[in-house]
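These are the residues of each chain, in order.
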Amino acid sequence: MRRLAIFGGIYSNHLALAAALADATCRADAVYCLGDLGAFGPSPDRVFPLLHDSDVATIQGNYDNSLALGLADCQCGYTDPRDNFFARLSYDYTFRRTSPANKVWLGALPASLHLEIEGLRVALFHGSPRKMNEFLWESTCSDAFLEYLLDFARADVLCVTHTGIKWHRALPSGRHVVNVGVLGRPENDGQTNVWYALLTLANRSLSVEFVPVAYDHHALAAEMRAERLPAEFIETILTGWWTTCLEILPHKERARGRF
Amino acid sequence: MIPWWMWGPEGSGQPLEILAAEKKRMNHPRVQLLHLDNLWFQVTGTFCNLACTHCFNGSGPNVSTFGFLAPADVERELGQAVRLGVREIFFTGGEPFLHPALLEMLEASLRVAPTTVLTNATILPEPTAARLAEIERASRYSLEIRVSLDSPEEAANDAVRGLGVFTRVLASIERLCRHGLLPLVSVVRDWPLGGEPEILARFTRLLSERAGYHRPRLKFLPVLPLGRELVRIGADHDEPFVTEEMLRGLEPDLLMCSNSRAVTDRGVWVCPLLVEMPDARLGDRLANAAPTYALGHRVCFTCYEYGTFCSNVSTAIEGAAPHAQRAPRPEP
Ligand code: SF4
Ligand SMILES: [Fe+2]
């Protein structure tokens, strides 16, 4: 039997990352990060030493790719002017505040990892196997499409992040897709905690548990205020409701939120 | 390596320069269906209770270019699409709610995939709104209801869409919202560059005050040089054709023809925009539809410019084309 702790979307939330690592390192045999280290939160350089110290195997997200290549935007895939306004603010801030050495490190991250564990092929990607910034929402992925993605990735278990909301689907073929959620901000449910995924693999079978991570969100809000990050971001950290980047949400996910 | 947009039809083993030379329209680059992400059903053909001045497929009350789809045909193509790994289903027209079996078809579609219906929202009475909400709740997938509205001003909207339409649409949106549905209000852009924030604010005020929709989901669409709009803009219209040069380095999923197909009562078409163009008909049914298409129409340039505006996410209308935004960051 093997246990993997997998998370993504740190968004500079070093306090949530530290809390998640404290928990995950005692419960799992290995820890993986699916990318998007920066965005949204304060002082982006703080997450890097935490990942290094805990030996977290990390893949590259769209944000990491943008920072490393010095692109003009975060490639988050937002298209609405309301979403883009805030995406731009946090990208410009994160770009300015990420050290050159860390940008180089981000640039060297692999785009995917392929593991073979307990007879299962596990593939880790940021957005989807075919595109780093494709959104895999629970309510916009048919079973048929997920089966196709698993074929595409040559995997029995596919793990992704990028959307910010976790889900797990066991497919008719017996294969699995897991969106591990994000550590960076709560998932638009009015709760202030964030989530990571704990995968238990034994003898060709998989079970998935989502683990809530409570952290000192008031301290994070204070840091964000000190860095003069937008009040809308701080509100999300304190209330658990998304206030920005909402236009990309499909109907079901949007209808669950407050805004 | 041959770039994605020059691959030959599956199994041909030939680069497209050679295949294209056999075709008359040899200058137009060919796009291959990479995967069927989106399947469109033109479920009521070109039958619509309105006749908007910018309708890209010229639908209207007596327009029989395309007819209604039989539910059995929808079911068959849905099954084939699922076998192909389809991601999302779209119902369009004409006006889909003119089809007597629309709700059953939406239900069947939502059993297998996320589903969107595009409507003018003039025939959405209370029982229909209630039923849509039920159907949505029963599915694990999203049902998107895309409602067209063209101006936050009654007179301007009705000049395009018909007298009295504005009031009826707002009433329908109010009904949908009251049942917990959040329609995606889609607006065809007719304002000058730079006007987007103001238009957004005006729509938001309107929908909040008149339909109780306080944080409305809005989607902007470019005007398409097709159908009635093409007649209306006439000589002003001078879009170039898409060239191979333009496609070089483009994200392969930017154009609908690389990931979508449209089903009508007269066969399968490369995309929902070109259903009136004889060369865009790819076969009788999905199972035998040709896998590639040469971009031989000026509207293809609109796709190239604006990206995947047919999908549900709002489209970045302001500024450059999406692919132009990938430019390196300017030095501070
Ligand atoms: S109109 Fe757009 S989607 Fe249709 S064939 Fe032309 S480029 Fe492709
Ligand atoms: Fe991402």
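Preceding this section is the structure that the text describes.
Residues numbered from 1 in each chain as written. Chains lettered and ligands numbered in written order. Predicted model: local features only at pLDDT ≥ 70, side-chain atom pairs only at ≥ 80, totals over all residues. Heavy atoms only, no water.

A. Fine view of the overall build of chain A. Helix and strand counts for chain A come out as 9 helices and 10 strands. Whereas a compact globule of 259 residues would reach a radius of gyration of roughly 18 Å, chain A reaches 17 Å, a difference of no more than 12%. Its C-alpha atoms put chain A at 50 × 40 × 35 Å along the principal axes. Classification of the 259 residues of chain A by burial places 64% in the buried group. When contacts within chain A are restricted to residue pairs at least 6 apart in sequence, those whose partners lie at least 24 apart make up 69%. Total accessible area on chain A stands at roughly 9,000 Å², and carbon and sulfur atoms take up 52% of it. (Helix = DSSP H or I, 4+ residues; strand = E, 2+ residues; numbered from the N terminus. Rg over C-alpha atoms; globule rule 2.2 N^0.38 Å. Buried < 20%, exposed > 50% of the residue type's maximum accessible area, 1.4 Å probe, protein only. Contact = heavy atoms within 4.5 Å. Areas by Shrake-Rupley, 256 points an atom, 1.4 Å probe, with all protein chains shown as cover.)

B. Region of interest: the side chain of Ser66(A). All names here are of chain A. With respect to the element layout, Ser66 can be found in helix H3 (residues 62–69). A polar contact is formed between the side chain of Ser66 and the side chain of Gln75, at a distance of 2.8 Å. Other than its neighbours up to four places away in sequence, Ser66 contacts Leu71, Asp73, Cys74, Gln75 and Tyr91. (Polar contact = N/O pair within 3.5 Å; in protein donor to acceptor, adjacent residues only side chain to side chain.)

C. Geometry of the nonpolar core. One finds Phe41(B), Phe91(B), Leu132(B), Ile173(B), Leu273(B), Leu274(B) and Leu295(B) to be the most contacted residues of the largest nonpolar core, which totals 92 residues. The biggest single contributor to this core is helix H6 (residues 165–178) of chain B, with 7 residues. Not counting chain neighbours up to four residues away, the residues in contact with Phe41(B) comprise Leu69(B), Val74(B), Glu77(B), Leu78(B), Ile89(B), Phe90(B), Phe91(B), Thr92(B) and Val263(B). Listed in part, the 55 residues of the second largest apolar core include Phe40(A), Val182(A), Tyr196(A) and Ile237(A). (Core = buried A, V, L, I, M, F, W, Y, C linked by side-chain atoms within 4.5 Å.)

D. Structural detail: the coordination of the iron ion (ligand 2). Residue and element names in this part refer to chain A. The protein atoms that coordinate the iron ion (ligand 2) are Asp36 (OD), Asn62 (OD1), His126 (NE2) and His162 (ND1), at distances spanning 2.0 to 2.2 Å. One can describe the site at the iron ion (ligand 2) as irregular: its 4 donor atoms subtend angles covering 83 to 157° at the metal. Among the residues examined, His126 registers a relative accessible area of 1% and is labelled buried. (Donors = N, O, S within 2.8 Å, 3.2 Å for Na, K, Ca; no water. Tetrahedral: all angles 85-135°; square planar, octahedral: opposite > 155°, others 65-115°.)

E. Main features of H3(A). All names here are of chain A. With 6 of 8 residues buried, H3 is to be regarded as a mostly interior element. Three or more residues of H3 are buried, namely Asn62, Tyr63, Asp64, Asn65, Ser66 and Leu67. Taken together, the buried residues of H3 touch helix H4 (81–97) and helix H5 (100–107). Looking one or two places after H3, you find Gly70, whose phi comes out positive at around 65°.

F. Just the sheet that holds strand S8 (residues 176–179) of chain A, in detail. All names here are of chain A. The 5 strands are arranged S4-S5-S6-S8-S7 in an open sheet whose pairing can be described as mixed. Looking at which strands have only one partner, the edges of the open sheet turn out to be strand S4 (112–117) and strand S7 (167–170). Ignoring strand direction, the axes of neighbouring strands in this sheet form an average angle of 15°. Sheet analysis places S7 next to S8, joined by 4 bridges and oriented antiparallel. In the strand pairing of S8, His168 is matched with Val178. (Pairing = 2+ DSSP bridges. Axes fitted to C-alpha atoms, helices over the stretch in contact; angles between N-to-C directions.)

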